[in-house]
Structure formats: C-alpha cells, structure tokens
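# Examining the three-dimensional arrangement
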Amino acid sequence: MPDSPSHIPIPPVVRPSDAATDYPRDLNDPGAFPFTRGIQPDMYLGRLWTMRQYAGFGTAAETNARFRLLLEAGQTGLSVAFDLPTQMGIDSDSPRAQGEVGRVGVAIDSVDDMHTLLDGLPLDRVSTSMTINATAAILLAMYVVVGEERGIGREKLSGTIQNDILKEYVARGTYIFPPEPSLALIAETFRFCAAEVPAWNPISISGYHMREAGATAVQELAFTFANAVEYVKRAVAAGLDVNAFAPRLSFFFAAHNDLFEEAAKFRAARRLYARLMRDRFGADDRSARLRFHTQTGGVTLQAQQPLTNVVRVAIQALAAVLGGTQSLHTNGYDEALALPTEEAATLALRTQQIIAHESGAALTADPLAGSYHVERLTNELERRAAELLARVDERGGAARAIDERFYQEEIARSAYEYQLSVERGETVVVGVNRYGDGAEPPVIPAPDYSGLARAQIARLAESRSRRDGAAVAGTLAAVTAAARRYLPSGGGGGGGGERAPLMPLIIDAVRARASVGEIADALRAAWGEYRPA
C-alpha cells in the first residue's frame, strides 16, 4: 500500500466507512464551527482569495517598480521580502552587512526607504504583508509613520507582519533577541494593533518555513499550532482578552505537490485550530476562524528543466484554493535559479487568475467535500497533528520544546528520510531522479550587488545628514529604558517592573529618522542577543 508524503497509507479504494464523520460536529456548512469547509458561507463566490505576490529587489525603488507591475497585472495585495541585514536589525553600512545588502530582498534602513518602497501605492485600499520577524515591530512602526506622513489614518492601514519568532529558532535563523523578551515584544504588538491599527494582523504564525526545512504536513500543522498556543498564552498572561486580538491572528502555510493531502491539510487545519481556540481559551467563533496565507513550495522548485516548475506551482496553487486559502503567492518557475524575472512573476500571477476564472474551483465552497479519499485524509491529518501537538504540550509548550530541540530533531529526521527516498528513487522528482535530459540549468545574470550596496549606503548617509542627532539619541534612550522592563522578573537589567507601551516609543524613534539598526541596537542594549546552546 503506498503512502502519502506524511506516511499516511493510501488504500487503492477508499470506502464510506474509511471516511466516517459526524456532519454537524466534524464538517458542518462553510462559515459554521468548526469551519472545516471554510470560514465564509459562500467562500470565493463572495470574494476571491487575495493574490499576493512576494517581491523584494535590492532597492526600495526597484521593488516599488515590481509592485506597480504586479498591481497593473491584477495582483490584489502586496507582499514584501526584506534583505537579511534588515531582517537581522543591521544597517546597510555595517561591516556585518557586507555582501548581503539587497541580496534576498529589499534593503530598508530608514523610514525614508519605506516611503520610497510604498511611493504611489494606495495604502488605504491595498493590504501589505511583510515577511519580517525579529524587527517586525520596527518595520510596522515605519509603515505607520509613512501612513501618517501621507495623511492616512492608522484605522485605514491593513496588512500583516510575520512577527513569528519561534519558528526562527527552529528553521530560519533570523532571530536577534532571546526568546522571553522576543515573546513579550510580540504580545506588545498584539496590544498595539488591537488598540491602534485594528485592520492590521499583528502576526502570521508560519508553518511554511518549517515545511521548507523538511517538515511533513503533519509536523507543519502540529508545530504551527503549538506556536500559536504559546503566543496566545503569552498575550492572555499580559492581560489581553483573547477575543480582542485573536480575530486578527493569521497563519502562513506551504502548498506542496500532493494535491489531495495538501487540500485535506488545510481543511484539517481549520478544524483543529477551531477546537483548540474554543477548548483551551474559551474563544468565540470569530476568534476560532483560521485565516491563512499560502505560498507554493520553494523547496519543491527544481533547477533542472525549470519550466516543469510551472506545472508544480499550478498543482500546488490548486490545492491551496481547493483547501480554502484566504491569500496566495505562486512562485516563479525560475526561483530555483535566481530572483524571478518579470516574465516568471507575471506567469505565476496568471496561474492564480486562471484557477480563479477558468478552472471552476471557485464556483462552490469546499468542492472536494464528501470525497471519501479527502475526508479520510482530513481525519487522519487532524488526528496525527493533534497527537504530535500533545507531545509538545507534554514538554511544557512550544518555547520549552524548541529550547530542548524537539522540533528541530523531528524535522531533521523527516528531511533526512525524504532525501534518502529521493536518492533511492522511491520518491520520483521529474527531471532530477527520473526523466532527466542531461542539460545544464540555465544561467541567469545576477545584479551588481556591490554597486547596489554602495548606493544604499549613500542613501542612508544622506538620511542621517538631515536629521536632528540629539532627538534621535533621546528617542533611542527611551526605547532602551522601556525595553528593560520587558525582561523576565529577576532577569537583571531592570526587568520585572511595570511595562510602558513600547510601540509608541519605537514610532517616536522612527519619526526622528532613527534607522532599523539603531533601533534594534537600542533593544540589544536592553536584551542582548540570543546565542543557541
């Protein structure tokens, strides 16, 4: 009997008894608890998913040009990729940034760069997602200041900061600060957004990067929701009402190649999350609705015969739509080789548009419901994910399980098993271990990153030359003083006292034209940096 990618045995024929469910309890109509069939009664008949293509190219001006191209082509939301120095709270002129400025996304050093990035874009009508974690609060502050300096009220700003630091300790590595103050800062962004930016999602809890690191679909669900439980617990412990912030929690999942397992995964995710939020936190139905963005699998893209990636992306996007995603990014077919070309990015967007308007997948809510195969997979994925989540609970929750390297070891084992399966030929990858043509992957010319870095450093110097240095120093000192109160009680450095809201102070620093690196350094002065054991 063959297995799914999550090692769920797949019988040659699935019968009704294999997929037994209680309709009101386990499925119910779309828009009704436990939301297995979707969070809206009419799903895409009422509104299509947001087509949110991810882009970030060296400079803010180049990225702005790509955003304009995609919006003209029909994209309905923005998604920003930042370079590694920005993600790590390091300014472009720092020696630590050498060789990395603008390489995997846009370099943002100051609010002036953010103005350029968003120039001419209708921030009161288009939502913006920012893939940023350790410095999420700083980039959110910059977005807010751009809005106010353009006369756009905070209540009109909509978007998402990823802001999911736990998965950084597991899978990505762009952490700066130790876990405890990092989690406290996330709770502070929850508070700020609920009070000041009500249409903003203060976190996108991400299974995507764990999946990219080798997690199975089951691990993706279990570890993502274990992290969600940790964030909700911290926010509630900080005095927030779960129903005041939970409706704005969002999630980020991967879509891989197994069409039916992936579609079933999204259905199982909604049901598992709804039950978690109701049973553990007493959340109301609005807080129990799982809203998520999906991105097609970067790790599934192949450098060999790259045009075959067009087919992979189409299958993955279809799985996300059949599974009921609220937002979708489709990868360019050339992304295994370089940043996507305009042609590849446009074709990726057209893939979504064809699914939306030509495939029939959007004509009814949850079109796969009632398939014995899909319902069986949905049940099994939920059961296995719940069992793995219970193992995290036994270890004291996500933060402790990550510190004990439970996530990391489980994911590493899955990644190793998958790679062995590919090398043995048991898992077929077309063009790689079967049906190869012997051709070398094409070479795509790289940008002049050295010239890009010099220009970015010059822009940063020019921004600094125009600001009031004393005002900057004062705002940064205020950030450090307030941040010390976010340390655990008894942790030294003034921790444990009454906490002043930190976001307004970060916004003051941004208004004064403090840079990302300077604000991050002000937090480092209070919290230090995380060094894994």
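Everything below is about the structure shown above.
It should be emphasised that the depicted structure is a prediction, and the values quoted were computed from it without experimental measurement.

### Section: the pairing of strand β8 (residues 292–296)
Buried residues dominate β8, accounting for five of its five residues. The pairing of strand β7 (residues 250–255) with β8 spans five bridges and is parallel. Opposite A254, over in β8, you have Q295 as the bridge partner. On the question of chirality, the crossover connecting β7 to the parallel β8 by way of helix α11 (residues 259–281) is right-handed. Once you follow β8 into helix α12 (residues 308–322) and on to strand β9 (residues 327–329), the crossover reads as right-handed.

### Things to note about the packing of aromatic side chains
Going through the model one piece at a time under the given rule, you end up with 19 aromatic pairs. With a centroid separation of 5.1 Å and an interplanar angle of 85°, the aromatic rings of F177 and W527 are classed as edge-to-face. With a gap of 350 residues between them, F177 in the loop between α6 (166–172) and α7 (179–196) and W527 in helix α20 (residues 516–527) connect regions that are remote in the sequence. A residue is classified by how much of its surface remains accessible, and W527, at 6% relative accessible area, is buried.

### Examining α11
Compared with the 33 Å implied by 1.5 Å per residue over 23 residues, the 33 Å span of α11 between its first and last C-alpha is a close match. The buried count for α11 comes to 17 of 23 residues, which makes it a mostly enclosed element. Positive phi appears at G282, one or two residues downstream of α11, with a value of about 65°.

### With respect to the nonpolar core
The biggest cluster of nonpolar side chains holds 148 residues, and the ones touching the most others in it are M130, L139, F225, F251, Y407, L502 and W527. It is helix α9 (residues 217–237) that contributes the most residues to this core, twelve residues altogether. If sequence neighbours within four positions are ignored, M130 has contacts with V80, F82, M114, L139, L140, Y143, T160, I161, Q162 and W200. If you look at the next biggest cluster of nonpolar residues, it comprises seven residues, including A97, A107, Y449 and A453.

### Description of the side chain of T135
Position of T135 among the secondary structure elements: in the loop between β3 (128–131) and α5 (136–149). Here the side chain of T135 touches T86 through a polar contact of 3.1 Å, landing on its backbone oxygen. Those residues in contact with T135 that sit more than four places away from it in its chain are T86, Q87, M88, G89, I176 and V516.

### Section: empty space enclosed by the protein
Applying the stated criterion across every chain yields a total of four cavities of 30 Å³ or more. By volume, the largest cavity is sized at about 80 Å³. Surrounding the largest cavity, N133, A134, A136, A137, N163, D164, I165, F177, S182, L185 and I186 form its lining. Secondary-structure elements contributing two or more residues to the lining of the largest cavity are α5 and α7. Of the residues forming the lining of the largest cavity, the biggest block, three residues, is contributed by α7.

Cut-offs and rules
- Per chain, residues are indexed from 1 in the order of the written sequence.
- Two thresholds apply to this predicted model, a pLDDT of at least 70 for residue-level local features and 80 or more for giving and counting side-chain atom pairs, whereas whole-chain, interface and lining totals are computed over all residues.
- The side-chain numbers reported here are obtained from all heavy atoms of the structure, hydrogens and water having been left aside.
- Partly exposed describes any residue whose relative accessible area lies between the buried limit of under 20% and the exposed limit of over 50%, with all areas from a 1.4 Å probe on protein chains only and scaled to the type maximum.
- The helix and strand labels rest on DSSP assignments: H or I over at least four residues marks a helix, E over at least two residues marks a strand, and numbering proceeds from the N terminus.
- Pairing between two strands is assigned when DSSP locates at least 2 bridges connecting them.
- By convention, a crossover is right-handed whenever its connection, traced from the first strand over the helix to the second and viewed with the strands pointing away, goes clockwise.
- Only Phe, Tyr and Trp rings take part, Trp by its six-membered ring, and two of them pair if their centres are within 6.5 Å. Stacked means planes under 30 degrees apart, edge-to-face means over 60, and tilted covers everything else.
- Helix span, as expected, comes to 1.5 Å for every residue beyond the first.
- Nonpolar core, defined: a set of buried Ala, Val, Leu, Ile, Met, Phe, Trp, Tyr and Cys residues in which side-chain atoms within 4.5 Å join the residues together.
- Contacts were defined at the residue level, with two residues in contact if any of their heavy atoms lie within 4.5 Å.
- The term polar contact refers here to a pair of N or O atoms within 3.5 Å; inside protein, the definition further demands a hydrogen-donor-capable atom paired with an acceptor-capable atom, and it admits residues adjacent in sequence only when both atoms are side-chain atoms.
- With a 1 Å grid laid over protein atoms only, a set of points is called a cavity when a 1.4 Å probe fits there but cannot get out and a pocket when it is open yet has protein on both sides within 12 Å along at least five of seven lines; lining residues have an atom within 4 Å of a point.
- Grid points are joined across faces, edges and corners, and a volume is the space filled by probe spheres set on the points.

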